[in-house]
Amino acid sequence: MGLEEKLPAGFVLTTLENVAGYMRKASIWPATFGLACCAIEMMAVGTPDYDIARFGMERFAATPRQADLMIVAGRVSQKMAPVVRQVYDQMANPKWVISMGVCASSGGMFNNYAIVQGVDHIVPVDIYLPGCPPRPEMLLNAIIELHDQIQHSKLGVNRVAAARAAEQAALAAVPTHLMAPTHEHHAPLSGPLSATPGKSLLA
């Protein structure tokens, strides 16, 4: 972050945002950071079948100081949490985070004291990628979505206004525990699997 943060709002800043966004999205270097089975899928995007090199991202940096994208691939244990944060703090600015897989995003099947229930408790997340594990194609799609975010990211006073708008939207959002259920977990089963038609086997 340099002179672009000092420019007033207007045509010059908007033009600079477009140029800087294009340059940034075309020069992302991910950090080497695989935590569990999702890391296998992350490694797969480097193979010729998926070819992450088309985005110039084939170089997974072995040091956070030469990386600006953290792909949290797998569950994050309480013991690993401070390490994740330290690596994030050492990464170059501006930096982004993709939470890869349901375990990184929400703890997944590991609903216990040992696993962090979402890496966003430790670092800010830009893209949540569902799946257990997500396919390499899904990771490529998440990267393309991140590119779109970076391309249209704001700078200077525009960035401050965008951050305030996002904060207000987050404060006005309905908490998840107050949201209406999207499906019924104990829906009645019918067909050859049910002992009695209309009676739930899960009851």
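Structure's up top.
Residues numbered from 1 in each chain as written. Predicted model: local features only at pLDDT ≥ 70, side-chain atom pairs only at ≥ 80, totals over all residues. Heavy atoms only, no water.

Caption draft 1: Main features of the environment of Phe33. Locating Phe33 in the fold gives a position in the loop between helix H1 (11–25) and helix H2 (38–44). Here Phe33 falls in the buried class, since its relative accessible area comes to 9%. For the pair Phe33 and Gly74, spaced 41 residues apart in the sequence, the C-alpha separation amounts to 9.4 Å. Those residues in contact with Phe33, other than ones at most four positions away along the chain, are Met42, Ile71, Ala73, Val84 and Val87. (Helix = DSSP H or I, 4+ residues; strand = E, 2+ residues; numbered from the N terminus. Buried < 20%, exposed > 50% of the residue type's maximum accessible area, 1.4 Å probe, protein only. Contact = heavy atoms within 4.5 Å.)

Caption draft 2: Here's a closer look at unusual backbone geometry. For the peptide bond that leads from Asn93 to Pro94, omega is -10°, which places it in the cis range. Cis geometry is adopted by the peptide bond preceding Pro133, which originates at Cys132 and carries an omega value of -10°. Its location among the elements puts Pro133 in the loop between strand E3 (127–129) and helix H5 (136–151). With a phi angle near 55°, Asp51 is a residue other than glycine that sits in the positive phi range.

Caption draft 3: Highlighting the packing of aromatic side chains. Here the structure, examined in full by the defined rule, presents zero aromatic pairs. The side chain of Arg59 reaches across the aromatic face of Trp29, ending 4.2 Å from its centre. The ring centre of Tyr88 lies 4.3 Å from the NZ or CZ of Lys95, which sits over that ring. (Phe/Tyr/Trp six-rings, centres within 6.5 Å; stacked < 30°, edge-to-face > 60°. Lys NZ or Arg CZ within 6 Å of the ring centre and 35° of its normal.)

Caption draft 4: Main features of the environment of Thr32. Residue placement: Thr32 occurs in the loop between H1 and H2. Spatially, the C-alpha atom of Thr32 lies 9.1 Å from that of Arg59, the residues being 27 residues apart in sequence. With sequence-adjacent residues up to four places away left out, Thr32 is seen in contact with Phe60, Ala61 and Ala62.

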